Amino acid sequence: MKKINITTIALLVYLIVMSIIGWPGNNPGNNYTEYFLMVGATLVIIILLRYLQVKRLRMRDKWNKDDDPAKQ
């Protein structure tokens, strides 16, 4: 399993655990909009980090391929 997958899974598990712990519950006056916006924003950040990690690895592989004269 690639490091990217492990990192993404770990961050998603962390988000799920923290979402369960931070659930507003049945208390009157809870702000569910803020709760779901925070969870959504965190999910967007996790997806962005995954995209950037994949892009970085592709660029690194391309550079390594270009630098290695035996592969040309």
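Whatever comes next refers back to the structure up there.
Thresholds applied
- Residues numbered from 1 in each chain as written.
- Predicted model: local features only at pLDDT ≥ 70, side-chain atom pairs only at ≥ 80, totals over all residues.
- Heavy atoms only, no water.
- Helix = DSSP H or I, 4+ residues; strand = E, 2+ residues; numbered from the N terminus.
- Expected span 1.5 Å × (residues − 1).
- Contact = heavy atoms within 4.5 Å.
- Polar contact = N/O pair within 3.5 Å; in protein donor to acceptor, adjacent residues only side chain to side chain.
- Phe/Tyr/Trp six-rings, centres within 6.5 Å; stacked < 30°, edge-to-face > 60°.
- Buried < 20%, exposed > 50% of the residue type's maximum accessible area, 1.4 Å probe, protein only.
- Axes fitted to C-alpha atoms, helices over the stretch in contact; angles between N-to-C directions.
- Parallel < 35°, antiparallel > 145°, perpendicular 65-115°, else oblique.
- Nonpolar A, V, L, I, M, F, W, Y, C, P; charged D, E, K, R; others polar.

Caption draft 1: Focus on helix α1 (residues 3-21). With 19 residues, α1 should reach 27 Å at 1.5 Å per residue; the first-to-last C-alpha distance of 27 Å fits that figure. On its buried face, α1 sits against α2 (32-67).

Caption draft 2: Inspection of α2 at higher detail. Over its 36 residues, α2 extends 52 Å from the first C-alpha to the last, a length consistent with the 52 Å expected when each residue adds 1.5 Å. Its side-chain oxygen 3.4 Å from the backbone nitrogen of Thr33, Asn31 forms the N-cap of α2.

Caption draft 3: Structural view of the packing of aromatic side chains. By the definition in use, this model includes four aromatic pairs. Relative to Tyr32, the ring of Trp23 lies with its centre 5.6 Å away and its plane at 55°, an arrangement referred to as tilted. A residue is classified by how much of its surface remains accessible, and Trp23, at 43% relative accessible area, is partly exposed. The class of Tyr32 is partly exposed, set by a relative accessible area of 33%. Judged by centre distance (5.1 Å) and plane angle (75°), the rings of Tyr35 and Phe36 are edge-to-face. By relative accessible area, which is 49% here, Phe36 ends up partly exposed. An aromatic cluster is defined as three or more aromatic residues linked by ring pairs; in this entry it consists of Trp23, Tyr32, Tyr35 and Phe36.

Caption draft 4: Spotlight on the packing of α1 against α2. Viewed as axis vectors pointing N to C, α1 and α2 meet at an angle of 175°, and their least axial separation amounts to 10 Å. Judged by the inter-axis angle, α1 sits roughly antiparallel to α2. Together, Ile4, Asn5, Thr7, Thr8, Leu11, Leu12, Leu15, Ser19 and Ile20 of α1 and Tyr35, Val39, Thr42, Leu43, Ile46, Leu49, Arg50, Gln53, Val54 and Leu57 of α2 make up the contact between the two elements. Residue classes in the contact of α1 with α2 are distributed as 12 nonpolar, six polar and one charged.

Scope: geometric values only; no functional claims are made or implied.
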